[in-house]
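Examination of the molecular architecture
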Amino acid sequence: MLLVKGTPYENIYNISNIEDMTGTLVSENVIGVVHDHHISYHLDMDIDGPNNSFAEVNLVKEETSLGQSPRKSYLKAKRKVAKTENDAKIKLKLYDPSEFHVFNPTRRSRLGNPTGYMIIPGGTAASLLDHDDPPQIRAAVTNNQIWVTPHNKSEVWAGGLLTSQSKGEDTLAVWSARDREIENKDIVLWYTLGFHHIPCQEDFPVMPTVSSSFELKPVNFFDRNPILNAKPTFQEDLPRCFAASS
């Protein structure tokens, strides 16, 4: 999707102050407006049953004591279980690595670990607009990349039922502001991925495909690596393509 607007200019050399431009001249008399793309996913996980919890597992550096080890530091995982919605509002940070687990606190693996799944974020972009800017009020779901809410049949669309016509009164941010309990409850995880888009000439008139994704990965859900039970794949089992006869 590409947002464009008309302009009297046909070449950047016609523009007296190019620093005032808020987009790229992508064709004669057409400016591609700088914008964002965001997609929010509603994930009703139900890991081994309806009642689940959400945990942020932070990877932290611990310093070693004098004489304890030749090493100066080591890594440790610290697990924090969210009790209310505010505890589960996550802004992803490159230098604060974490894993995000949805798990069933009442179901355990054969080794005693709670069964769960983690979400592995993919493309991430945070909105740079002011929070009180009308478009951002409607798109307040982009204020965080991860949210967790109690399951509610009426809370389906993160941006509200009619996003482009709303004033932001019926959005995920409004629901989550109630700070309801989410520990060992029927919960929903919301993940918002996105990217910033500075248009270029190749985007007009038809924008090429841009892809992004995220992953859901089991965490102690299986008692061992499930691929160990899979049948081996041999060369003759693989699909083969042949040129069609003319």
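Residue numbering note: each chain is counted from 1, following its sequence as written. Selection of residues for local features in this predicted model requires a pLDDT of at least 70, selection of side-chain atom pairs for listing and counting requires 80 or more, and totals for whole chains, interfaces and linings are taken over all residues. As a convention, hydrogens and water are excluded, and side-chain values are obtained from all of the structure's heavy atoms.

**Section: the confidence of the model for the chain**
Which entries qualify depends on this criterion: Residue-level confidence of the predictor is summarised by pLDDT, bounded by 0 at the bottom and 100 at the top. Runs of H or I in DSSP of at least four residues are treated as helices and runs of E of at least two as strands, each being numbered from the N terminus.
In the predicted model, the chain carries a mean pLDDT of 91, and the fraction of residues at 70 or more is 99%. Ranking the elements of the chain by mean pLDDT puts strand 1 (residues 4-6) last, at 86, and strand 9 (residues 146-150) first, at 98.

**Description of the environment of Leu 189**
Put simply, the rule reads: Here, residues are in contact when the closest pair of their heavy atoms is within 4.5 Å.
Along the chain, the position of Leu 189 falls in strand 10 (residues 185-197). Distance in space between the C-alpha atoms of Leu 189 and Asp 203 is 33 Å, their sequence separation being 14 residues. When sequence neighbours within four positions are dropped, the list of residues in contact with Leu 189 reads Tyr 41, His 42, Leu 43, Phe 54, Val 102, Ile 119, Ile 146, Trp 147 and Val 148.

**Some remarks on the side chain of Asn 104**
Definition in use: Counting of polar contacts relies on pairs of N or O atoms within 3.5 Å, with two restrictions inside protein: one atom must be capable of donating a hydrogen and the other of accepting it, and residues adjacent in sequence are counted only when both atoms are side-chain atoms.
If you trace the backbone, Asn 104 turns up in strand 7 (residues 98-108). Among the polar contacts made by the side chain of Asn 104, one reaches the side chain of Thr 106 at a distance of 2.7 Å.

**Things to note about the packing of aromatic side chains**
To keep things clear, this is the line we draw: For this analysis, a ring pair means two rings from Phe, Tyr or Trp (six-membered ring only for Trp) whose centres lie within 6.5 Å, classed as stacked if their planes differ by under 30 degrees, edge-to-face if by over 60, and tilted for the remaining angles. Burial status follows relative accessibility: with a 1.4 Å probe on protein chains alone, a residue under 20% of its type maximum counts as buried, one over 50% as exposed, and anything between as partly exposed.
Using the criterion set out here, one finds six aromatic pairs in the structure. Aromatic side chains Trp 175 and Trp 190 sit 6.0 Å apart centroid to centroid with 50° between the ring planes, which places their arrangement in the tilted category. Of this pair, Trp 175 sits in helix 2 (residues 172-176) while Trp 190 sits in strand 10, placing them 15 residues apart in sequence. As far as the burial class goes, Trp 175 and Trp 190 line up, both buried.

**Notes on the pattern of salt bridges**
Note the cut-off: We define a salt bridge as a contact between a side-chain nitrogen of Lys or Arg and a carboxyl oxygen of Asp or Glu at a distance within 4 Å.
A complete count under the given rule lists six salt bridges for this structure. With a closest N to O distance of 3.4 Å, Glu 62 and Lys 78 form a salt bridge. Residue Glu 62 is located in strand 5 (residues 51-63), and its partner Lys 78 is located in strand 6 (residues 73-81); the two are separated by 16 residues in the primary sequence. Its relative accessible area of 43% is what places Lys 78 among the partly exposed residues. With a closest N to O distance of 3.2 Å, Glu 183 and Lys 83 form a salt bridge. Taken together, the residues span a long stretch of sequence, with Glu 183 in the loop between helix 2 and strand 10 and Lys 83 in the loop between strand 6 and strand 7 at a distance of 100 residues. With a relative accessible area of 33%, Glu 183 lands in the partly exposed category.

**What about the environment of Asp 46?**
One can find Asp 46 in the loop between strand 4 (35-43) and strand 5. Residue Asp 46 is classed as partly exposed on the basis of its relative accessible area of 35%. Note: C-alpha distance between Asp 46 and Tyr 191 (145 residues apart in sequence) is 16 Å. When near neighbours in sequence (up to four residues on either side) are disregarded, Asp 46 contacts Asn 52 and Asp 186.

**With respect to the nonpolar core**
Nonpolar side chains in soluble globular proteins tend to be buried together. Basically, it comes down to this: Grouping buried Ala, Val, Leu, Ile, Met, Phe, Trp, Tyr and Cys residues that are joined through side-chain atoms within 4.5 Å yields what is termed a nonpolar core.
One finds Phe 54, Val 102, Ile 119, Ile 146, Val 148 and Leu 189 to be the most contacted residues of the largest nonpolar core, which totals 17 residues. When neighbours within four sequence positions are excluded, Ile 146 is seen to be in contact with Phe 54, Ala 88, Lys 89, Ile 90, Phe 100, Ile 119, Leu 189, Trp 190 and Tyr 191. Ranked by size, the runner-up nonpolar core spans nine residues in total, among them Trp 147, Ala 158, Ala 173 and Trp 190.

**Topic: unusual backbone geometry**
A cis amide bond links Phe 204 with the next residue in sequence, Pro 205, at an omega value of 5°. Within the secondary structure, Pro 205 sits in the loop between strand 10 and strand 11 (215-219). Positive phi is not limited to glycine here, since Asn 29 has a value of about 65°. Here Asn 29 lies in the loop between strand 2 (23-27) and strand 3 (30-33).

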